Every structure is written in C-alpha cells, then in structure tokens.
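# Notes for the structure review
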Amino acid sequence: MTDRLHRFLARQFAEPSGLAGRLVIAPWLNRIGRRLNDLALDLLQPEPGERLLEVGYGGGGLLKRLARAGPARLVGADPSPAVPRRIAGAELVRAEGAALPFCDRSFDAVVSVSVLHFWPKLEPVLGEFARVLRPGGQLVLVFEPPEALRRWAGHRYGFQLWSEADVVAAAAAAGLALEERRQGSGRKPDFFVGLRFRKGAA
Ligand SMILES: C[S@@+](CC[C@H](N)C(=O)[O-])C[C@H]1O[C@@H](n2cnc3c(N)ncnc32)[C@H](O)[C@@H]1O
C-alpha cells in the first residue's frame, strides 16, 4: 500500500468524508469493525428498555444490532457528514464525543468502538461520557492498543496511540471504574481490547 493511500485511509477512518466516505468507507467500516462490535455487544449485554448512546457510529453496523435489543432510546453521535443519516430505531446527531448535546444522566450505557484514536486528550471526552451517564450506568470502549495499531503504517497520520493504562486512568479520573476487560482477535485488526466501566453511584 502506498504512503498516499495510507494517508487517505487514515483521514477517512478519522472522519469519513465526500462521496468516497459515504459510498465506500462508511459501509466498509461495518465489515472491518464486525469483530470489535461483537466484543462491544458481549460486554454491554443491552437490556430492553435501556437508553443507549453510541459515539462515533461510522457505518451504523453496531447501532442496527443495538436496535434489536429493544432499547427505550437509541442515539448515535458522529461528527462526520458522510455517515448514514437514517437508521431504523435510532436518533442520529452530528456531534463530537467531547461536546454531546444531551442532558446530564440521560443514558444507561454509552459505547464507542475504534474512536478513541481520534481524541487528542482522553479526559474531556471520558468526562463528557460520565456526565451523560446515569449513576450506575456503563461505558464500553473497544479499541486497538498501541502494539496492534502500530502494525498498520497509516497510524502515523493522526492516530493517537492510547494504551489501556492511559484509558483506565482517564476513566477513573472521570469517576468510571473498570469492571471488565476482554480482548479479541480477527484478521484486520488482529488484536483489540474491550473495557467495561461503571459510573459510581454518587
Ligand atoms: C474508525 S471509525 C469507527 C466507526 C465504528 N464505530 C466502527 O467501529 O465501525 C471512527 C468514527 O468515529 C467518528 N469520530 C471521529 N472523531 C470523533 C469524535 N471526536 N467524536 C465522535 N466521533 C468521532 C468518525 O467520524 C468515524 O465515523
């Protein structure tokens, strides 16, 4: 793969844009993210009647699967103009993880898959997730740790290499305690991690 293609893909993964983003990249994200989304669902175990938020929903593959759990409210937030604008059973908003247009304690669970690589700082985003979660609510993050992401040359074009320790520390500072850790593997990416946190009851 040429350097130019790596740069193009890195930019598109960070925020799908234009016709290529809408017609090629967003649907493709659903395919390459399938195993990571399986892990997110396993960790989340969504119950009917819950209020769920996915941040950085990309092609919408996970939102469609979450809709089948019968949530009371299902919302997808993503800043890209090229991701799907309609998904049955979900409200979709154009928004960044660090500035969510929701009231405090609006959700029972927040999930975000392969998105934290695009946050220059973890604290503001995890603080925002904690704000919109109800006390006792859950946050699930699935991502590639640095040793996995480094194997793809495109990571050099703007990806943040957050370690598990970085993520756990920033979550703790936001009042989110780690409850479960799992790892998964696939073809590409070949190794990824899922973390489930719970917001304290205070
Ligand atoms: C690599 S894709 C992952 C999409 C999907 N979660 C998946 O696993 O297939 C990253 C997505 O996060 C979105 N994104 C990038 N920066 C974001 C931010 N600061 N807040 C919320 N979403 C963001 C992008 O627009 C893109 O749709």
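Residues numbered from 1 in each chain as written. Predicted model: local features only at pLDDT ≥ 70, side-chain atom pairs only at ≥ 80, totals over all residues. Heavy atoms only, no water.

Per an unreviewed UniProt entry, the protein chain is named Methyltransferase type 11 domain-containing protein, and its organism is uncultured Sphingomonas sp.

## A closer look at the nonpolar core
How we decide: Here, the term nonpolar core denotes a set of buried Ala, Val, Leu, Ile, Met, Phe, Trp, Tyr and Cys residues that are joined through side-chain atoms within 4.5 Å. Classification of residues uses two cut-offs on accessible area relative to the type maximum, computed with a 1.4 Å probe and protein chains only: under 20% is buried, over 50% is exposed, and between them is partly exposed. For helices the rule is a DSSP run of H or I covering at least 4 residues; for strands it is a run of E covering at least 2, with both sets numbered from the N terminus onward. The contact criterion used is simple: two residues touch if any of their non-hydrogen atoms lie within 4.5 Å.
By size, the foremost hydrophobic cluster in this structure holds 32 residues, and its most contacted members are Leu 53, Phe 129 and Leu 141. Residue assignment for this core shows that the elements contributing at least two residues are β1 (51–55), β2 (73–77), β4 (107–113), α5 (123–132), β5 (133–143), α7 (164–173) and β7 (192–199). For this core, the element with the highest residue contribution is α5, accounting for five residues. With residues up to four places along the chain from it excluded, the contact list for Leu 141 reads Ser 112, Leu 116, Trp 119, Leu 126, Phe 129, Val 167, Val 193, Gly 194, Leu 195 and Phe 197. Judged by nonpolar contacts, the second largest core, of 22 residues, contains Leu 44, Leu 52, Ala 90 and Val 140.

## A closer look at the site of the ligand
Heads up, the condition is: One heavy atom within 4 Å of a molecule or strand makes the whole residue count as near it. As used in this structure description, the phrase polar contact means that two N or O atoms lie within 3.5 Å; if the pair is within protein, one of them must be able to donate a hydrogen and the other to accept it, and residues adjacent in sequence are counted only when both atoms belong to side chains. With residues, only the protein chains shown are counted as cover, and all accessible areas are computed by Shrake-Rupley using a 1.4 Å probe. Residue type decides the class: Asp, Glu, Lys and Arg count as charged, Ala, Val, Leu, Ile, Met, Phe, Trp, Tyr, Cys and Pro as nonpolar, and the leftover types, Gly among them, as polar.
Near the ligand lie 21 residues; those nearest to it are Gly 56, Asp 78, Glu 96, Gly 97 and Val 113. Leu 29 is positioned such that a nitrogen or oxygen atom in its backbone is 3.4 Å from an oxygen atom of the ligand. Between an oxygen atom of the ligand and a main-chain N or O atom of Gly 58, the distance comes to 3.5 Å. The protein chains hide 94% of the 590 Å² of surface that the ligand would expose on its own. Every element with two or more residues in the shell around the ligand is listed here: α1 (3–14) and β1. Broken down by class, the residue content of the shell around the ligand amounts to 12 nonpolar, five polar and four charged.

## A few points about the sheet that holds β7
The test is simple: Any two strands with at least two DSSP-identified bridges between them are counted as paired. Helix axes use the C-alpha atoms of the stretch in contact, all axes being lines fitted to C-alpha atoms, and the angles between their N-to-C directions lie in the range 0 to 180 degrees.
A sheet is described by the order of its strands in space; here seven strands give the open sequence β3-β2-β1-β4-β5-β7-β6, paired in mixed fashion. Two strands close off the open sheet at either side, each with one partner strand: β3 (91–93) and β6 (176–184). The sheet shows a mean angle of 15 degrees between the axes of neighbouring strands, taken without regard to direction. Its contacts with the sheet place α5 against β1, β4, β5, β6 and β7, and it is angled at close to 140 degrees to β5.

## Some details on the side chain of Ser 80
By the element assignment, Ser 80 lies in the loop between β2 and β3. We classify Ser 80 as buried; its relative accessible area is 0%. Within the structure, the side chain of Ser 80 is placed 2.9 Å from the backbone nitrogen of Ala 82, a separation counted as a polar contact.

## Comments concerning the UniProt feature "domain: Methyltransferase type" (unreviewed entry) in the protein chain
Definition in use: UniProt positions are given in the numbering used here, feature names are shortened, and annotations may be inferred rather than shown by experiment.
Per the UniProt record, "domain: Methyltransferase type" (unreviewed entry) is found at residues 53–141. Secondary structure within residues 53–141 divides into 19% helix and 30% strand; the distance between the first and last C-alpha atoms comes to 12 Å.

## What about the pattern of salt bridges?
Here is the rule: Basic side-chain nitrogens of Lys or Arg form a salt bridge, by our definition, when they fall within 4 Å of a carboxyl oxygen of Asp or Glu.
Counted under the stated rule, the structure contains 16 salt bridges. One salt bridge in this structure joins Arg 51 and Asp 108, with 3.1 Å as the shortest N-O distance. Placement of Arg 51 in strand β1 and of Asp 108 in strand β4 is noted, with a sequence separation of 57 residues between them. Note on Arg 51: relative accessible area 27%, which makes it partly exposed. We classify Asp 108 as buried; its relative accessible area is 11%. Residues Arg 131 and Glu 128 are paired through a salt bridge, measuring 3.0 Å at the closest nitrogen-oxygen approach.

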